[in-house]
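Reading the structure
Here is how the chains run, residue by residue.
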Amino acid sequence: MSANIFDRRRVNGPPRSVEPLYTDEGDVKPFTNGGRADGRSLDQLRPIFIKTGPLAVQPTFSPTAPSGSAYYEQGKIRISCAVYGPRQGRKSNPRMGSFDCDFQYAPFSCSWKRRPHIKGADEKEIALILEQAMAPAIRLEAYPKACIDAFVTVIESDGKFATISAAINCISAALADAGIELYDIVAACSMSLNASQWVSDCNQAEEDVSQCSLFVSRMPSADEITYLLQQGKTMPDQTDRAVQTCSNSCARVYAVLSRYLQASMEQPAS
Amino acid sequence: MDVDMESQDTRDIASRIVTPGSVITNDTAFMRGHGTFAERTTIYSSVAGAVERINKLVSVRPLKQRYSGEIGDIIVGRITEVASKRWRVDVNSRQDGILLLSSINLPGGIQRRKSESDELQMRTFFAEGDLVFAEVQSYFADGALSLHTRSLQYGKLRNGTFVTVFPQLVPRSRSHFHTLPCGVDIVLGVNGYIWVSKHVPASKVEENSELIYSDKNEFISDDERETIARIANCIHLLNRLYVKITDTSIIFAYEASLTHAVKDLLTREIAIDLAHNVKTRLEQQS
């Protein structure tokens, strides 16, 4: 391309391009001879990592900084959440505070396709699910006329249901970090049905081949379920069993969350 | 004092770290305070923090909390909206505070009736984004704070820089306006907003009442700017390392910081070193 006919209206790539090298993951079957590809047992969760306060802006601790934030990892899932408030909102209910949630996949977060930066219908739907799962745990009547906002960004996702439940855990940690009054910490866990066997905390490959996925979010010390979502067909007794197992897993997630929060209170980050 | 004759279980209530939803006590003798909620006879924690007990009142103090105002508090706020006969002020609280036109001093004539022309030129007193130094006068029915600036020491802030800290680090004290020996004025708002500015003698403002609502900075020399920046950084580091912020702690931090350049004060090692220094000096003093 000669210089005088250079097209300035478009992004011009280099004249020569090289195809990127792909790592060949092969055609990994998620379930081979009864076990899982990553070697976990059927009810084993992926390891969890939490950190509160990663988004507190330092040193300029400014009024625009979130009042609480959290970063959460579960296997390959990486989520960050910022909580603002309680603060003055545009809509104000004189009796109760309002809780709003915003959920967004980062453009590079889903390995199978690039996400547009404009929110899709599924992101809005998940935001609504998160709102409904978290709202019962927040003491909104303690914050009349105020507004609490949570902004969730998925940095890497691995399994839709697992990502939603990880997002719930992440919001819980961020709300607790912000010092917002809660009835309980909400812990969530997902499950999928594969060959009439329930498998906990499935990743994308495992969810893809499953006939049914569900997640349960729970307030373990209050012993209440705040949200239950199932996609796919099962027999009623199968769902019963799954909810039972999920509840147990939630208790384990809860233990991790509360142990972390206690430790972070004793040793405030500098 | 039946409180002293309690079982082992209830005596270790205090100074325990709890998370939301954890049981604090089943004993009906206790009353629930802030940061807790009760269901039937059990008291649960609603925030993550340390349990505190004063006689029979059990409360949980979180690490971070938003400012909740009390009448008489001296605060710093930022105007967010000019409404009819009032300004909305961000006071780092759950709701915006409100500053009524009738609770400010108008230039010229302390007790002048507020006329319609004052309503029309409200922006000449306070415009959006201005910082105000005010006192909490009362609450509105919905819990919003009503502020007033009816004293010459209150009013618009200028000639300086703004610092935000955790509100619980600023204790309520007799005076919240200090002139430090290094020639810097500080306003310690109990809502966690702090203003650090060049020292301007009060007599100068009293002489010329037009200065109360002035938007213009006075001339600030490079040395003064550096001192202001140093004080601001000292407050930042005290906040970061969770040290009480009072005029004494700021002076201690300032004196200890003089051996370092202003820009290095917030590096981790120096900050920890200085904060430790301030803590030991504060302990020696008390």
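Residues numbered from 1 in each chain as written. Chains lettered and ligands numbered in written order. Predicted model: local features only at pLDDT ≥ 70, side-chain atom pairs only at ≥ 80, totals over all residues. Heavy atoms only, no water.

**Focus: the overall build of chain B**
Looking only at helices and strands, chain B features seven helices and 17 strands. Here the C-alpha coordinates of chain B stretch approximately 65 × 55 × 30 Å along the principal axes. The buried share among the 286 residues of chain B stands at 50%. The long-range fraction of contacts in chain B, counting pairs at least 24 apart against all pairs at least 6 apart in sequence, stands at 62%. Here chain B has roughly 14,100 Å² of accessible surface; of this, 49% comes from carbon and sulfur atoms. Of the side chains in chain B, 34 bear a positive and 36 a negative charge, and the two mean positions are spaced by 3 Å. (Helix = DSSP H or I, 4+ residues; strand = E, 2+ residues; numbered from the N terminus. Buried < 20%, exposed > 50% of the residue type's maximum accessible area, 1.4 Å probe, protein only. Contact = heavy atoms within 4.5 Å. Areas by Shrake-Rupley, 256 points an atom, 1.4 Å probe, with all protein chains shown as cover. Lys, Arg positive; Asp, Glu negative; His and termini not counted. Charge placed at Lys NZ, Arg CZ, Asp CG, Glu CD.)

**Quick notes on the sheet that holds strand 15 (residues 177-180) of chain B**
Residue and element names in this part refer to chain B. Strand order in this open sheet of four strands is 14-17-16-15, and the pairing throughout is antiparallel. If you trace the sheet from one side to the other, it starts and ends with strand 14 (160-164) and strand 15, each paired once. Neighbouring strand axes in the sheet, compared pairwise and without regard to direction, differ in orientation by 20° on average. Bridging between strand 16 (residues 184-188) and strand 17 (residues 193-198) involves five bridges; their strand directions are antiparallel. Bridge assignment links V187 to a residue of strand 17, and that residue is W195. Those strands touched by helix 5 (residues 222-240) are strand 14, strand 15, strand 16 and strand 17, and its axis lies near 160° from that of strand 17. Its contacts with the sheet put helix 6 (residues 247-257) on strand 15 and strand 16, and the angle it makes with strand 15 is roughly 25°. (Pairing = 2+ DSSP bridges. Axes fitted to C-alpha atoms, helices over the stretch in contact; angles between N-to-C directions.)

**What about the sheet that holds strand 6 (residues 98-105) of chain A?**
All names here are of chain A. Strand order across the open sheet formed by five strands is 3-4-5-7-6, with mixed pairing between neighbours. The sheet is open, and its two edges are formed by strand 3 (48-52) and strand 6, each paired on a single side. Taking each pair of neighbouring strands and ignoring which way they run, the sheet shows an average axis angle of 15°. Sheet strands in contact with helix 1 (residues 121-134) are strand 6 and strand 7 (146-156), and its direction is about 140° off that of strand 6. On top of the sheet, helix 4 (residues 236-266) reaches strand 3 and strand 4 (68-74); it is set at about 35° to strand 3, its chief contact.

**Focus: the interface of chain A and chain B**
Across the contact, 39 residues belong to chain A and 33 residues belong to chain B. Summing both sides of the interface, chain A and chain B together bury roughly 2,900 Å²; the carbon and sulfur share of this comes to 58%. Counting across the chain A and chain B interface gives two salt bridges. B:K64 serves as the salt-bridge partner of A:D177, at 3.1 Å between the closest nitrogen and oxygen. Counting every contact that joins chain A to chain B gives eleven residue pairs in polar contact (both at pLDDT 80 or more). Secondary structure elements with two or more residues in the side of chain A that touches chain B: strand 5 (77-88), helix 2 (160-177) and helix 4 of chain A. Class assignment for the residues of the side of chain A that touches chain B results in 19 nonpolar, 13 polar and seven charged. (Buried area = accessible area lost by both parts, 1.4 Å probe. Salt bridge = Lys/Arg side-chain N within 4 Å of Asp/Glu carboxyl O. Polar contact = N/O pair within 3.5 Å; in protein donor to acceptor, adjacent residues only side chain to side chain. Nonpolar A, V, L, I, M, F, W, Y, C, P; charged D, E, K, R; others polar.)

**So, the packing of helix 6 of chain B against helix 7 (residues 268-285) of chain B**
All names here are of chain B. The contact between helix 6 and helix 7 brings their axes to 9 Å, and the two run at 130°. It follows from the interaxial angle that helix 6 and helix 7 lie oblique. Handedness of the helix 6/helix 7 crossing: right-handed. The residues of helix 7 that touch helix 6, namely those facing T248, S249, F252, A253, E255, A256 and S257, are L274, N277, V278, R281, L282 and Q285. Of the residues that constitute the contact of helix 6 with helix 7, the class distribution is six nonpolar, five polar and two charged. (Parallel < 35°, antiparallel > 145°, perpendicular 65-115°, else oblique. Left-handed = near helix turned anticlockwise from the far one by under 90°.)

**Side note on the environment of A:V18**
Looking at the element boundaries, A:V18 is found in the segment before strand 1 (31-32). For the pair A:V18 and A:A137, spaced 119 residues apart in sequence, the C-alpha separation works out to 52 Å.

**Focus: empty space enclosed by the protein**
Residues and elements named next belong to chain B. Applying the stated criterion to the full structure yields one cavity of 30 Å³ or more. What lines the largest cavity is N105, T149, S151, L152, Y154, G155, I212 and Y213. Considered class by class, the residues forming the lining of the largest cavity number four nonpolar, four polar and no charged. (1 Å grid on protein atoms, 1.4 Å probe; cavity = no way out; pocket = protein on both sides within 12 Å on 5 of 7 lines; lining within 4 Å. Points joined across faces, edges and corners; volume = space filled by probe spheres on them.)

**Focus on the domain arrangement of chain B**
Residue and element names in this part refer to chain B. Annotation of chain B at the domain level lists domain 1 (5-62), domain 2 (74-213) and domain 3 (222-285). With centres defined by C-alpha atoms, the gap from domain 2 to domain 3 works out at 26 Å. Between domain 2 and domain 3, the contact holds 21 residues from the first and 18 residues from the second. Summed over the shared surface of domain 2 and domain 3, the number is one salt bridge. Between K198 and E224 there is a salt bridge, with its nearest N and O atoms 3.5 Å apart. (Domains from an automatic or database assignment.)

**With respect to the pattern of salt bridges**
Pairing between side chains of opposite charge can happen when their charged atoms approach one another. Using the criterion set out here, one finds 28 salt bridges over all chains in the structure. Here A:R139 makes a salt bridge to A:E141, at a shortest N to O gap of 3.7 Å. Judged by relative accessible area, A:E141 falls into the partly exposed class, the value being 35%. A salt bridge links B:R88 to B:E81; the nearest nitrogen and oxygen atoms lie 3.5 Å apart. Residue classification places B:R88 among the partly exposed residues on the basis of a relative accessible area of 25%.

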